[in-house]
Amino acid sequence: MDEEASQHEEPELRLVLLGRAGAGQSSAGDAILGRPAFQSGEDVAASQCQRHRGRVGGRQVVVVTVPDWFSSRAPPEEEARALVSSFVALSSPGPHAFLLCVPGDQPPDGEERALAALELILGPLAVTAHTLVLFTRGEDEKEEEEEEEEVKTLEELLSTRRQDLLELVDSCGGRYHALRWAGGGGGGGSEGGEEEEEEKQRRRSVQELLKKVQRALAESEEEFFTCALYEEAGGRVRRRQEQLALERRERAGRGGIEEEEEEPGAHEAEGAEQEEREWEAAARSVVDLDVDVGGVLASLAVCPASPPPSLLWGLWERLLGWLRRVPGLVRPEALLGSLVGLFVGGPIGRMLGATAGSVATEVKRRKEKEQKTK
């Protein structure tokens, strides 16, 4: 019966969680696996990727977290190469989805650069067909709001006030998910009934996420994402794993180790665990894949970073929201002139603003006159 079930078991699902430092990759990984597995904060080095697996909804799921993925900080070239090599090797032969972790209640901070880096390194399909924006809580945020309220706030942000988030989602084919979790993915400090309800919400949210990943795979008509870099990494991991297995057998032969009688299936389970350990050791030995990290960093240097959190950023968001609500009160030509004057400033700004507004008004007048004469 078990053998028949294993033959029909779905293949493992591989997910790569990336984003800026503190974007919630570790907490999201815990929530997906349903247990505390990932280290976060100061316990994790800037270039240390983590990999854990678990059974989720009857299926093996592998989660790889990538810390501080090419956001506003420009890492040294060797550190960047090690980071890319590590996450590609650990998610080989290729992930089923990339999940870009974004704290939905915080100002943008390098998310566009993160997507640009992913596209430069793995190709445009990695973003347009295989990336999903995962809205999270930051690693240091407290659980003070109800999850349902957070989702409502997110929907409001996407539809009204946060055009930057909407553009980010559009870059990923319109795919996004607001992840819910209970007590960081494992236990919790809630009382029995509340804790049980939170756990149910977490499971539903994770299942919804996995369905969206499967839907994206169906649309891409691919088993999982792969490219030349993943093929290189996969080949190197296999060769190193074979070498480690050969060394283990040679050590066992020299030691004359005799196999003891074990429970049925115990030997197979131990062999599978040994194989998994050797695979991960082989993957972590890959630190120098053939990727033009210098070219990527040079391209990102001219890619404008997201604006830093500031009072001006908040005022600009409010201004855009106000203009969307009262489009009939301000003529576009006058608005153009006012904006030019505002950003240039001083007497010169006022002069340039007046000129820009007059020119725009005259151009519009002539176009309307031409349309009437036709």
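Residues numbered from 1 in each chain as written. Predicted model: local features only at pLDDT ≥ 70, side-chain atom pairs only at ≥ 80, totals over all residues. Heavy atoms only, no water.

**A look at the sheet that holds strand β6 (residues 176–178)**
Thought 1: If you walk across this open sheet you meet the six strands as β2-β3-β1-β4-β5-β6, and the pairing is mixed. Lying at the two open borders of the sheet, with one neighbouring strand each, are β2 (50–56) and β6. Each strand of the sheet is rotated relative to its neighbour by a mean of 25°, with strand direction disregarded.
Thought 2: Pairing of strand β4 (residues 97–103) with strand β5 (residues 131–136) involves six bridges; the strand directions are parallel. Paired with Val-102 across the strands is Phe-135, a residue of β5.
Thought 3: Contacting β1 (13–18), β4 and β5, helix α4 (residues 111–122) runs over the sheet at an angle of about 165° to β4. (Pairing = 2+ DSSP bridges. Helix = DSSP H or I, 4+ residues; strand = E, 2+ residues; numbered from the N terminus. Axes fitted to C-alpha atoms, helices over the stretch in contact; angles between N-to-C directions. Contact = heavy atoms within 4.5 Å.)

**Thoughts on the environment of Leu-300**
Thought 1: Following the sequence through the fold, Leu-300 ends up in helix α11 (residues 293–301).
Thought 2: The exposure class assigned to Leu-300 is buried, which follows from its relative accessible area of 2%.
Thought 3: Considered as a pair, Leu-300 and Ala-114 are 186 residues apart in the sequence and their alpha carbons are 9.2 Å apart.
Thought 4: Setting aside its immediate chain neighbours within four residues, Leu-300 contacts Phe-70, Arg-113, Ala-116, Ala-117 and Leu-120. (Buried < 20%, exposed > 50% of the residue type's maximum accessible area, 1.4 Å probe, protein only.)

**A short note on the environment of Lys-200**
Thought 1: Inspection of the secondary structure puts Lys-200 in helix α8 (residues 192–220).
Thought 2: For Lys-200, a relative accessible area of 40% puts it in the partly exposed group.
Thought 3: Remark: the alpha-carbon pair of Lys-200 and Arg-180, spanning 20 residues in sequence, is separated by 9.9 Å.

**Quick look at the packing of aromatic side chains**
Thought 1: Enumeration over the complete set of coordinates arrives at six aromatic pairs.
Thought 2: With centroids separated by 5.7 Å and ring planes inclined at 70°, the aromatic side chains of Phe-98 and Phe-225 adopt a geometry described as edge-to-face. Of this pair, Phe-98 sits in strand β4 while Phe-225 is found in the loop between α8 and α9 (228–255), placing the two residues 127 residues apart along the sequence.
Thought 3: Using a relative accessible area of 0% as the deciding quantity, one classes Phe-98 as buried. (Phe/Tyr/Trp six-rings, centres within 6.5 Å; stacked < 30°, edge-to-face > 60°.)

Scope: geometric values only; no functional claims are made or implied.
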